[in-house]
Each structure stands twice: as C-alpha cells, then as structure tokens.
Amino acid sequence: MKRVLSLLVLLILGVAIGGGAGYGAVVLFAKPGGGAPKAAATPVAEPPRSFVSSTKILAPLVFPDGRLAGYVNFDVSLEVSSDKAEAVSSELPLMLHAINMRTWRTPLATGPDGLLANIGGFRDVVRAASTEAFGPGTVKRIAITRAEPA
C-alpha cells in the first residue's frame, strides 16, 4: 500500500512540476502581442528564367605556385531572368574577358599532374566575372555543362 501511494504521489508531483515548467517556458519565450496566427504572406511571382549559353571558354590551368599546367575547355550556361537574357547575351564578351583576366591568377589545376580542373574554383571565377560584367543579382545560377582538357 505504501509503495502504491508513493508512486501515485510521484506521478502527481511530476505532472505538477512538468506543467509548471511548460507554463514558465511559454511565459518566458512567448512573443509579445499574443500567439494569434498571422496570415501567410503571398509569395511574389518571380519572372520566368532562361539559360544563356556561352561559347567554348579556353582557360589556363595554373598551379598554386603560379606555374602553367595546361589548358581546359569549359562550356557554361548562366541562368538569368527572361527579360534580361538578351542583354546578357550581348554583353557576354565582357564576362569572357573578365574570366580570362581571373583564371591566370586563380589556381585551377588539381591532381598530381595538374590536368584536372577545379570545377568549384572555376564556378567561383565565373560568378565573380558575371557580377563584374552584368551587375550583382543578374545571374541566378551558373551551370558548367562541359569541361575537357584542351
């Protein structure tokens, strides 16, 4: 009888302490102004996007110490909004020039012989060059569709 009574008292105390802790957490962490749910914001419709493909890009593979390891051909597609696709296509030579100016300073050669291209590094180079050529936020995504040794 004593054992059953002690288990019952422990159960009641546990519920009381747990309930008190839950109430305290709600009071402490609740947002001011009540917990009334707010209406969900309507998502803003994004304009349709399209891909602009570049011509074949010849880039040097450079070791971290500055030595030339070889060359690689890349094909790149840039995802832009459809209303800016024609402007990006006409200014593509500016981006290609910016890529050329960056690849000589960026170590893109990996592997023991340096003939493997660092795709992530090249994507970073293209991202920086596209920001310089087209402005920030114009290119949404960069897809490297082909990379092969030259």
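It should be noted that the structure appears before, not after, this text.
Computed from a predicted structure; not experimentally measured.

1. Concerning the overall build of the chain
Here comes step 1: Summing up its helical and strand segments, the chain has 4 helices and 6 strands in all.
Here comes step 2: Its helices and strands taken in sequence order, the chain reads α-β-β-β-α-α-β-β-α-β from the N to the C terminus.
Here comes step 3: A globule of 150 residues ought to have a C-alpha radius of gyration of about 15 Å, yet the chain, at 29 Å, is considerably larger.
Here comes step 4: For the chain, the spread of C-alpha atoms along the principal axes amounts to about 90 × 45 × 20 Å.

2. Remarks on helix α1 (residues 2–29)
Each turn of an α-helix holds 3.6 residues, which means side chains three or four residues apart point in the same direction.
Here comes step 1: Between its first and last C-alpha atoms α1 spans 40 Å; for 28 residues at 1.5 Å apiece the expected length is 40 Å, and the two agree.
Here comes step 2: Across the 28 residues of α1, 0 count as buried, placing the element largely on the outside.

3. So, the pattern of salt bridges
Here comes step 1: For the structure shown, the criterion picks out 7 salt bridges.
Here comes step 2: Across the pair R67 and D65 runs a salt bridge whose closest N-O atoms are separated by 2.9 Å.
Here comes step 3: If you follow the salt bridges from partner to partner, you end up with R49, E79 and R141 in one network.

4. What to know about the side chain of S130
Here comes step 1: Here S130 lies in helix α4 (residues 119–134).
Here comes step 2: Judged by its relative accessible area of 2%, S130 falls in the buried class.
Here comes step 3: If sequence neighbours within four positions are ignored, S130 has contacts with M95, G135, V139 and I142.

5. Here we look at the side chain of T103
Here comes step 1: The residue T103 is located in helix α3 (residues 92–103) in this model.
Here comes step 2: Using a relative accessible area of 1% as the deciding quantity, one classes T103 as buried.
Here comes step 3: Excluding anything up to four places from it in sequence, T103 contacts A59, P60, V62, L108, F122 and V125.

6. Things to note about a nonpolar patch on the surface
Here comes step 1: Residues L5, L8, V9, L11, I12, L13, V15 and I17 make up a contiguous nonpolar surface patch of roughly 800 Å² in combined accessible area.
Here comes step 2: Considering the arrangement of structural elements, one finds V9 in helix α1.

7. Points about the environment of R123
Here comes step 1: Within the secondary structure layout, R123 lies in helix α4.
Here comes step 2: A relative accessible area of 29% places R123 in the partly exposed class.
Here comes step 3: Between the alpha carbons of R123 and P93 there is a distance of 17 Å; along the sequence they are 30 residues apart.
Here comes step 4: Ignoring sequence-local partners within four residues, the contact set of R123 consists of I142 and I144.

Calculation notes
- Residues numbered from 1 in each chain as written.
- Predicted model: local features only at pLDDT ≥ 70, side-chain atom pairs only at ≥ 80, totals over all residues.
- Heavy atoms only, no water.
- Helix = DSSP H or I, 4+ residues; strand = E, 2+ residues; numbered from the N terminus.
- Rg over C-alpha atoms; globule rule 2.2 N^0.38 Å.
- Expected span 1.5 Å × (residues − 1).
- Buried < 20%, exposed > 50% of the residue type's maximum accessible area, 1.4 Å probe, protein only.
- Salt bridge = Lys/Arg side-chain N within 4 Å of Asp/Glu carboxyl O.
- Contact = heavy atoms within 4.5 Å.
- Patch = residues over 30% accessible without salt bridge, like charges linked within 9 Å, V, L, I, M, F, W, Y side chains within 5 Å.
- Areas by Shrake-Rupley, 256 points an atom, 1.4 Å probe, with all protein chains shown as cover.

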